[in-house]
Amino acid sequence: MKLCSTKNKHLIVSLEEAIFKGLPDDNGLYLPISIPQLPDKFFQEISTYSFNEIAFKISKALIGNEINDQALQQIIDQTITFDAPLVAVEQNIYALELFHGPSLAFKDFGARFMAAIMAYYLGQKDSNEINILVATSGDTGSAVAHGFLNMDKIKVTILYPSGKVSNIQEQQLTTLGNNITALEVDGTFDDCQKMVKEAFLDHELCQKITLTSANSINISRLIPQSFYYFYAYARLNGQPLVFSVPSGNFGNLCAGVIAKKMGLPVKKFIASTNVNDIVPQYLASGIFSPRPSIKTIANAMDVGNPSNFSRLNELYANDVTKMGQDIVGKSYTDKQIKSTLKNVYEKFGYILDPHGAIGYMGLKDFLTEQPNKNLTGVFLETAHPAKFYEEVEVILGKKIHIPEPLQQIMQQEKKSVKIAAKGSALKDFLLNL
């Protein structure tokens with residue numbers, strides 16, 4: 001598997017280098033030079049495959065011979081130890097539940113795959129300690145923390161915006177200890193993301209410590225996120241689907257687009273966002289205009305300058321018209337999120353989380369706009385509603401069951417380091433870690 005920077009097609013690296021480097025020197029993002037087309041036989045037989053078998057075949061097609069089959073199978077088996085149930089909510093509308101992993105969020109797929117593939121490469125040679133740097137708006141940090149907990153030769157530093165993640169999300173970030181450190185940043189997620197990117201571009205810092213990223217800027221996160229699109233298709237009788245993807249940093253949508261370019265029959269993607277609607281605005285106007293993020297109850301999507309937009313743009317040759325043929329943008333307010341949470345529960349008995357509510361609304365609105373087409377739609381339910389129990393309980397007027405792992409985390413002591421929203425503050429911390 002060869003990859004290049006979105007800013008320079010001649011800057012070519014191996015998968016191993018892309019994973020450990022995280023970010024190219026030119027501040028682009030790594031993307032495969034070419035995306036393989038899967039054979040017709042794969043789609044003819046896909047309904048007979050298990051989740052792990054689908055994952056192996058997809059990753060093998062992407063990675064090629066860079067990792068031997070036995071090792072790749074072990075990486076897949078370490079990653080996928082839980083299901084991604086497809087739940088019928090109403091006629092022709094399904095929730096793809098991606099929150100059955102250890103941190104109860106879809107990012108467990110990416111974080112666990114990344115941890116397993118890094119462990120494989122580190123085991124192939126003597127290597128120095130590496131430092132994983134990650135910015136989170138909520139769920140990425142906890143998934144990465146659980147994925148890399150207690151791994152040899154790896155330290156993890158997680159930046160999160162103070163007061164802008166849910167209580168449970170914060171507890172998941174700040175209570176594990178060991179090789180995990182949480183930095184509570186006095187700013188927004190965009191500040192955290194900017195600080196991480198500045199650290200990777202700081203040559204003095206990178207000469208002194210080995211840095212890599214676990215954000216969706218790291219290409220190893222996107223590979224496993226493509227698996228469950230194929231898995232959903234396999235369980236719905238191989239019919240072309242509409243996918244509504246709750247979108248903040250747009251890594252999940254990029255993974256879906258990669259799946260489509262590998263041959264997955266997708267009728268349309270819906271980029272469903274909260275009021276931080278930078279990409280829907282781009283699709284409508286052709287102008288990409290990042291701005292400071294606005295706090296919402298769907299906090300994992302509070303992103304004003306989505307990192308993966310450059311990948312998304314490159315996948316469509318910087319052509320908004322081509323992108324618009326595959327992707328429709330939808331955005332929703334907190335008021336609409338609350339109303340949908342309540343209505344879906346009362347009408348169908350299904351409990352959404354705020355992000356899933358946005359995915360549901362995007363899908364429902366799109367399907368309503370296609371009255372003469374018999375389409376089947378899937379929205380990605382990206383986090384367990386218990387992670388937002390304070391909001392959800394008030395909206396629904398009922399207690400939400402909190403899974404045992406979350407109950408235990410809520411009893412543990414929070415440990416975080418508060419720092420200013422400045423690249424220099426992060427640099428000083430890392431140099432003294």
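Conventions we followed
Residues numbered from 1 in each chain as written. Predicted model: local features only at pLDDT ≥ 70, side-chain atom pairs only at ≥ 80, totals over all residues. Heavy atoms only, no water. Phe/Tyr/Trp six-rings, centres within 6.5 Å; stacked < 30°, edge-to-face > 60°. Helix = DSSP H or I, 4+ residues; strand = E, 2+ residues; numbered from the N terminus. Buried < 20%, exposed > 50% of the residue type's maximum accessible area, 1.4 Å probe, protein only. Right-handed = clockwise from strand over helix to strand, strands pointing away. Pairing = 2+ DSSP bridges. Lys, Arg positive; Asp, Glu negative; His and termini not counted. Salt bridge = Lys/Arg side-chain N within 4 Å of Asp/Glu carboxyl O. Polar contact = N/O pair within 3.5 Å; in protein donor to acceptor, adjacent residues only side chain to side chain. 1 Å grid on protein atoms, 1.4 Å probe; cavity = no way out; pocket = protein on both sides within 12 Å on 5 of 7 lines; lining within 4 Å. Points joined across faces, edges and corners; volume = space filled by probe spheres on them. Nonpolar A, V, L, I, M, F, W, Y, C, P; charged D, E, K, R; others polar. Core = buried A, V, L, I, M, F, W, Y, C linked by side-chain atoms within 4.5 Å. Contact = heavy atoms within 4.5 Å. Axes fitted to C-alpha atoms, helices over the stretch in contact; angles between N-to-C directions. Left-handed = near helix turned anticlockwise from the far one by under 90°.

## Some points on the packing of aromatic side chains
The geometry of an aromatic ring pair is captured by two quantities: the separation of the ring centres and the angle between the planes.
Here is step 1 of the chain: One pass over the full model with this rule turns up 19 aromatic pairs.
Here is step 2 of the chain: Considering the side-chain rings of Phe 43 and Tyr 233, the 6.2 Å spacing of their centres and the 80° angle between planes classify their relative orientation as edge-to-face. Within this pair, whereas Phe 43 is found in helix 2 (residues 40–45), its partner Tyr 233 is found in helix 11 (residues 227–235), the two being separated by 190 residues in sequence.
Here is step 3 of the chain: According to the relative accessible area criterion, Phe 43 is buried, its value standing at 16%.

## Looking at the pairing of strand 10 (residues 241–246)
Here is step 1 of the chain: Counting buried positions along strand 10 yields six of six residues, so the element is predominantly enclosed.
Here is step 2 of the chain: The two faces of strand 10 match: Leu 241, Phe 243 and Val 245 on one face and Val 242, Ser 244 and Pro 246 on the other face are all buried.
Here is step 3 of the chain: The parallel pair strand 10 and strand 11 (residues 266–273), bridged by helix 12 (residues 251–261), forms a crossover whose chirality is right-handed.
Here is step 4 of the chain: For strand 10 and strand 13 (residues 376–381), the ladder comprises four bridges, and the chain directions are parallel. Its bridge partner being in strand 13, Ser 244 is matched across the sheet by Phe 379.

## Focus: the side chain of Asp 108
Here is step 1 of the chain: Position of Asp 108 among the secondary structure elements: in helix 5 (residues 107–123).
Here is step 2 of the chain: Buried and without a salt bridge, Asp 108 has Arg 112 as its closest oppositely charged side chain, separated by 6.2 Å.
Here is step 3 of the chain: A distance of 2.7 Å separates the side chain of Asp 108 from the side chain of Ser 103, its partner in a polar contact.
Here is step 4 of the chain: Reaching out from Asp 108, the side chain makes a polar contact with the backbone nitrogen of Leu 104 at a distance of 3.4 Å.

## Focus on empty space enclosed by the protein
Here is step 1 of the chain: Counted by the stated rule, this structure contains three cavities of 30 Å³ or more.
Here is step 2 of the chain: Residue lining of the largest cavity: 26 residues in total, with Phe 106, Lys 107, Gly 248, Asn 249 and Ala 300 positioned closest to the centre.
Here is step 3 of the chain: Elements with a minimum of two residues in the lining of the largest cavity: helix 6 (139–148), helix 10 (219–225), strand 10 and helix 12.
Here is step 4 of the chain: Considering only residue class, the lining of the largest cavity consists of 10 nonpolar, 13 polar and three charged.

## Topic: the nonpolar core
Here is step 1 of the chain: Leu 15, Phe 148, Tyr 229, Phe 230, Phe 243 and Ile 327 are the most contacted members of the largest nonpolar core, which has 100 residues in total.
Here is step 2 of the chain: Residue contributions to this core peak at 11 residues, all from helix 5.
Here is step 3 of the chain: Ignoring anything within four residues of it in the chain, the contact list for Phe 230 reads Leu 38, Phe 42, Phe 43, Ile 46, Ile 54, Ile 58, Ala 259, Met 262 and Leu 264.

## Looking at the environment of Ser 247
Here is step 1 of the chain: Examined against the element boundaries, Ser 247 turns out to sit in the loop between strand 10 and helix 12.
Here is step 2 of the chain: We classify Ser 247 as buried; its relative accessible area is 2%.
Here is step 3 of the chain: Taking the C-alpha atoms as reference, Ser 247 lies 9.1 Å from Ile 270; in sequence the two are 23 residues apart.
Here is step 4 of the chain: Setting aside chain neighbours within four positions, we find Ser 247 in contact with Leu 253, Ala 271, Ser 272, Thr 273 and Met 301.
Here is step 5 of the chain: Within polar-contact distance, the side chain of Ser 247 engages the backbone oxygen of Val 245 at 2.6 Å.

## A word on the packing of helix 6 against helix 7 (residues 167–174)
Here is step 1 of the chain: Helix 7 packs onto helix 6 with a crossing angle of 30° between their chain directions and a minimal axis gap of 8 Å. Viewed along their axes, helix 6 and helix 7 form a crossing whose handedness is left-handed. In this structure, helix 6 uses Asp 139, Gly 141, Ser 142 and His 146 to contact helix 7, whose residues at the interface are Gln 169, Gln 172 and Leu 173.
Here is step 2 of the chain: A breakdown of the residues in the contact of helix 6 with helix 7 according to their chemical character gives one nonpolar, five polar and one charged.

## Looking at the sheet that holds strand 13
Here is step 1 of the chain: Strand order in the open sheet formed by six strands is 4-5-13-10-11-12, and the pairing between neighbours is mixed. Only two strands of the sheet have a single partner each, and these edge strands are strand 4 (86–90) and strand 12 (327–331). Between one strand and the next, the sheet's axes are offset by a mean angle of 25°, whatever the strand orientation.
Here is step 2 of the chain: Across four bridges, strand 4 lies against strand 5 (residues 93–97) in antiparallel orientation. Within strand 5, the position partnered with Ala 88 by the bridge is Tyr 94.
Here is step 3 of the chain: Packing against the sheet, helix 12 makes contact with strand 10, strand 11, strand 12 and strand 13, and its axis sits at approximately 175° to strand 11.

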